[in-house]
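# Overview (structure and organization)
Residues per chain are reported as follows:
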Amino acid sequence: MSTATLATALPADVVTIRTDPSTEPFWQAARERRLVAPRCGNCGAFRLPPTPFCPHCQSTAVDWTELSGRATVYTYTVVNGYPGLPDITLVPVVVDLPDAPGARLVSNVVGADPAEVRIGTELTVDFHPVSDGWLLPVFRVADREQA
Amino acid sequence: MARDAGARDVAIAGIGATPYYRRGETAGQSITRLAGEAILAACADAGLSVTEVDGLAFYSLARAGYGEQMEAGELVETLGIRELKFSAALTGGGGGSAGAIGLARAAIVAGDASVVVTVMALQQRTRLGTVVASKAATPASSFVQPFGLAGPGHLMSLLARRHMHVYGTTRDAFAEIAISTRQNALSRPKAAYREPLTREQYFSARMIADPLCLYDFCLESEGAVAIVTASVERARDLRQPPVPVVAAAHGGTREWGRAFSWFGMPDDETFASSGSKPIAGRLYQRAGVTPQDIDVALIYDHFTPMVLMQLEDYGFCEKGEGGPFVLSGAIRYTPERRPGAIPVNTHGGQLSEAYIIGATHIVEGVEQLRGTAVNQVAGAELALVTGGPSAIPNSGLILGRDR
């Protein structure tokens, strides 16, 4: 077992989220520990972050689709320190979502040795508390048996 | 023929700046004081009275950095400008620095104004290095801000990583950009850093957002820079040799869009890029020149990998070849042009001279074409100036030498 510092997420009191009518269903679902993505009700294309129009067909119709929570690291960084938190280690990632092709999420890998994270690493969603009772979708390295 | 190609109807007639300061050193001054000092210096350089200024062409929505505002009314009133006939700003952020000169040209060509000032003033009351962390959350930022990407460099480290993965780019390439840029600053009186940067220093530096270390990040400077534009005919009657605008372009495609505010750029060629390729194509087409005609490139260097990706997008090498290109020594300054090489950021850039949101690159372009640059490229006829890769609009500018 490595003694490396495990990557974490920012403490709940540091993170505030704001919503609007386009994004609120995403956050309400996260609050119920569900990962969802908006899928165009007209042409079926996924998009993230949630926005008022489908960029492919300009439709405002949206089907909120529940995802499996599986993700793949598209790119990542390892961040040492954050304002007011000099010792924190974070692994911000951009992930592809296999069941929402064309949509990506920015998130954190948590609970992993940063050296373990690579482009292509398989992840599964988890949820991390932030201010005002909201939950933030974050990701853990997938169990190798499942992956 | 490159010597006569392009628009050349408007020219840069004057440049001016305050001293360049380190973070916190201008705390006792106001934005208007800094901007005004730069404007007066640029007018003096042009041989104009500030009272003759009748247009303002800002970028970054006239924000001073990313926080405070530069107010047209305050500048006009306190500097004693008689009558303002044009005041506009490119949207976006530092991506518009080069493009603001195109905005000034638009005002002059349209006949709206005759003497236009572009100015950027910057103080670090909100520290730019961690500006993402310090902003109040919005519905859009809630998809990026919560994850520890505290500043622009953290955001762009994600593009750098993908570029390394797809094209095999190494940190040696980023080091070469930092080291070669520092080399250009050694002879610059106003540069923040005038000691050589060694590979050992680079590779032992603190990692901020892996793969980016301290020296991949630009400076956090304070100060102001102003640029005066006028019709080329008017500029010929002024104090300095006119530096004509050969072409200017700004914008970007949907695939780039909000860039680091969404990270949805669909393919690797766009994601691991500066988003500037469409602008570069339009710029060269309008200028009637090719990348091989450019004598000196002033590439917005907020972070070293973005220099590399702009070199690709502006056609100095093939896509994905930025690493080998810079490691070949191709961006090093030499007084004489070398085939296949392009001197980059001869002024020491934002990595080593000063970070005034792209405005120092315009100043260096002007000095190169006047023939007065500290690190002069002999006989330079065309200079490329780029705005900072970020959310749309990004921009580019080609400056020339008057007949």
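Details of the structure are given in the entry above.
Quick caveat, the model's predicted, so the values are computed rather than measured.

## Describing the overall build of chain A
Helix and strand counts for chain A come out as one helix and eight strands. Start at the N end of chain A and walk to the C end: the helices and strands fall as α-β-β-β-β-β-β-β-β. Whereas a compact globule of 147 residues would reach a radius of gyration of roughly 15 Å, chain A reaches 16 Å, a difference of no more than 12%. Along the longest, intermediate and shortest principal axes, the C-alpha atoms of chain A span 50 × 35 × 25 Å.

## Digging into the overall build of chain B
Regarding its fold elements, chain B presents 14 helices and 14 strands. Against the compact-globule benchmark of 22 Å for 403 residues, chain B has a radius of gyration of 19 Å, which places it among compact chains. For chain B, the spread of C-alpha atoms along the principal axes amounts to about 55 × 50 × 40 Å. When each of the 403 residues of chain B is scored for burial, the buried share is 61%. Here the analysis covers contacts within chain B between residues at least 6 apart in sequence; of these, 80% occur between residues at least 24 apart.

## Observations regarding the interface of chain B and chain A
Counting residues at the interface gives 28 residues for chain B, matched by 30 residues for chain A. Mapped onto the side of chain B that touches chain A, the elements with two or more residues apiece are α5 (152–167) and β8 (207–210) of chain B. The leading source of residues in the side of chain B that touches chain A is α5(B), at six residues. Taken together, the residues of the side of chain B that touches chain A break down into 16 nonpolar, eight polar and four charged. Relative to β8(B), strand β4 (residues 78–82) of chain A is paired through two bridges, and the arrangement is antiparallel. Looking at β8(B), one finds that V79(A) is bridged to A209(B).

## A word on helix α3 (residues 99–109) of chain B
Among the eleven residues of α3(B), nine are classified as buried, and the element is accordingly described as predominantly covered. Among the residues trailing α3(B), G111(B) stands out with phi positive, at a value near 85 degrees.

## Remarks on helix α11 (residues 304–313) of chain B
Residue and element names in this part refer to chain B. For α11, the buried fraction is high: ten of the ten residues fall into the buried class. All buried positions along α11 are accounted for by T304, P305, M306, V307, L308, M309, Q310, L311, E312 and D313. Of the surrounding secondary structure, the elements contacted by the buried residues of α11 are α5, α6 (171–185), α10 (277–287), α12 (322–327) and β13 (382–386). The first or second residue beyond α11 is G315, which carries a positive phi of 80 degrees.

## Considering the pairing of strand β10 (residues 221–231) of chain B
All names here are of chain B. For β10, the tally of buried residues reaches ten of eleven residues, placing the bulk of the element in the interior. Summarising the sheet, strand β1 (residues 10–17) and β10 pair through seven bridges and their orientation is antiparallel. Paired with V10 across the bridge in β10 is S231. Where strand β7 (residues 115–122) meets β10, eight bridges bridge the pair, whose relative direction is antiparallel. Bridging from a neighbouring strand, V117 pairs with V228 of β10.

## A few points about the packing of α6(B) against α11(B)
Residue and element names in this part refer to chain B. Two numbers describe how α6 lies on α11: the axes approach to 8 Å, and their chain directions differ by 100 degrees. Taken together, the axes of α6 and α11 lie roughly perpendicular to each other. Packed against α6, whose contacting residues are A173, F174, I177 and A178, the element α11 presents T304, P305, V307 and L308 at the interface. Across the contact of α6 with α11, the residue classes break down as seven nonpolar, one polar and no charged.

## Brief notes about the nonpolar core
The biggest cluster of nonpolar side chains holds 181 residues, and the ones touching the most others in it are A38(B), A121(B), A224(B), V228(B) and L399(B). In this structure A121(B) touches I31(B), L34(B), A35(B), A38(B), A64(B), M70(B) and A224(B), once residues within four positions along its chain are discounted.

## Quick notes on unusual backbone geometry
Going from L48(A) to P49(A), the amide bond is cis rather than trans, its omega being -10 degrees. Relative to the assigned elements, P49(A) resides in the loop between β1 (36–40) and β2 (62–66). A cis amide bond, omega 5 degrees, links I392(B) with the succeeding residue P393(B). With respect to the helices, strands and loops of the structure, P393(B) is situated in the loop between β13 and β14 (394–400). One non-glycine residue, R8(B), adopts positive backbone phi at about 55 degrees. Following the sequence through the fold, R8(B) ends up in the segment before β1.

How each quantity is defined
Within each chain, residues carry numbers counting from 1 in the order of the written sequence. The lettering of chains begins at A and the numbering of ligands begins at 1, in the order of writing. Predicted model: local features are reported for residues with pLDDT of at least 70 only, side-chain atom pairs are reported and counted for 80 or more only, and whole-chain, interface and lining totals are derived from all residues. The helix and strand labels rest on DSSP assignments: H or I over at least four residues marks a helix, E over at least two residues marks a strand, and numbering proceeds from the N terminus. Atoms considered for the radius of gyration are the C-alpha atoms alone. The globule rule reads 2.2 Å times the number of residues to the power 0.38. Residue burial is a threshold on neighbouring C-beta atoms within 10 Å of the residue's own C-beta, all placed from the backbone, with 20 or more meaning buried, 12 or fewer meaning exposed, and counts in between meaning partly exposed. In this description, any two residues whose backbone-derived C-beta atoms lie within 7 Å of each other are considered to be in contact. When residues are grouped by polarity, Ala, Val, Leu, Ile, Met, Phe, Trp, Tyr, Cys and Pro land in nonpolar, Asp, Glu, Lys and Arg in charged, and all others, Gly among them, in polar. Here the rule is simple: two strands pair whenever DSSP picks up at least two bridges between them. Axis lines are fitted to C-alpha atoms, over the contacting stretch for helices. Their N-to-C directions set the angle, which ranges from 0 to 180 degrees. If an angle is under 35 degrees, it is roughly parallel; if it is over 145, roughly antiparallel; if it lies from 65 to 115, roughly perpendicular; otherwise it is oblique. The term nonpolar core refers to a group of buried residues, namely Ala, Val, Leu, Ile, Met, Phe, Trp, Tyr and Cys, whose C-beta atoms join them within 7 Å.

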